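Commentary on secondary and tertiary structure
Okay, here's what each chain looks like letter by letter:
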Amino acid sequence: MVRKKDDCNIEYREKMRDGNGTVKITNFINDPSEMSQKGRLFSKITLDRGCSIGFHIHEKDTELFYFLKGTAEYNDNGETRTVCAGDVTICPAGTGHGVENKNDEPVEIIAVIVYAD
């Protein structure tokens, strides 16, 4: 299967997870069946200046971020760390995270959520 970039669903979420601003999400899959029911998200997330995804806990899944572009402040289960292009973050089930762009350059993240069981 090939999905062309123009066929990817783009959505905009205001104050995602009680964060700030509008987050752009380009969804590469249409539903969990495209990940053999092993996960629920494979997307590119774009955070413009001042935008964030608020801190939240992953109860039954793990989220991985690969930072494509920019520099962000990443809340790693309560510890704030600076991350930049090329960095990877892993938020295992039972832990939490959030991310914020405090810089002028947009932050682009590839995000994957896989089920813990």
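Note: the structure precedes this text.
Residues numbered from 1 in each chain as written. Predicted model: local features only at pLDDT ≥ 70, side-chain atom pairs only at ≥ 80, totals over all residues. Heavy atoms only, no water.

Examining the packing of aromatic side chains
- What the rule picks out here adds up to three aromatic pairs.
- Arranged with centres 6.0 Å apart and planes meeting at 85 degrees, the rings of Phe 65 and Phe 67 form a pair that is edge-to-face.
- Seen in terms of ring centroids, Phe 65 and Tyr 74 are 6.2 Å apart; in terms of plane orientation they differ by 75 degrees. Their pairing is edge-to-face. Exposure class is identical for Phe 65 and Tyr 74. Each is buried. (Phe/Tyr/Trp six-rings, centres within 6.5 Å; stacked < 30°, edge-to-face > 60°. Buried < 20%, exposed > 50% of the residue type's maximum accessible area, 1.4 Å probe, protein only.)

A look at unusual backbone geometry
- Phi at Lys 15 is positive, roughly 50 degrees, even though this residue is not glycine.
- Tracing the chain through its elements places Lys 15 in the loop between β1 (9–14) and β2 (22–27).
- With relative accessibility at 55%, the residue Lys 15 sits in the exposed group.
- Although it is not a glycine, Gln 37 sits at a positive phi angle of roughly 60 degrees.
- On the secondary structure map, Gln 37 appears in the loop between β2 and β3 (39–47). (Helix = DSSP H or I, 4+ residues; strand = E, 2+ residues; numbered from the N terminus.)

Topic: the side chain of His 56
- If you trace the backbone, His 56 turns up in strand β4 (residues 52–58).
- Within the structure, His 56 has its side chain in polar contact with the backbone oxygen of Gly 54 (distance 2.9 Å).
- Here His 58 takes part through its side chain, which lies 3.1 Å from a polar atom of the side chain of His 56.
- In contact with His 56, other than residues within four places in its own chain, are Arg 17, Glu 63, Thr 95, Gly 96 and His 97. (Polar contact = N/O pair within 3.5 Å; in protein donor to acceptor, adjacent residues only side chain to side chain. Contact = heavy atoms within 4.5 Å.)

As for the environment of Glu 105
- Along the chain, the position of Glu 105 falls in the loop between β9 (95–100) and β10 (107–115).
- Given the relative accessible area of 42%, Glu 105 is considered partly exposed.
- As for Glu 105 and Ser 36, which are separated by 69 residues in sequence, their C-alpha atoms are 35 Å apart.

Describing the sheet that holds β9
- The sheet built from four strands is open, its strands ordered β4-β9-β6-β7 with antiparallel pairing. In this open sheet, the two edge strands, each paired with only one partner strand, are β4 and β7 (79–84). Ignoring strand direction, the axes of neighbouring strands in this sheet form an average angle of 20 degrees.
- Two strands pair when backbone bridges link them, and strand β6 (residues 71–76) and β7 are joined in this way by six bridges, in the antiparallel orientation. Considered in β7, the bridge of Tyr 74 is made with Arg 81. (Pairing = 2+ DSSP bridges. Axes fitted to C-alpha atoms, helices over the stretch in contact; angles between N-to-C directions.)

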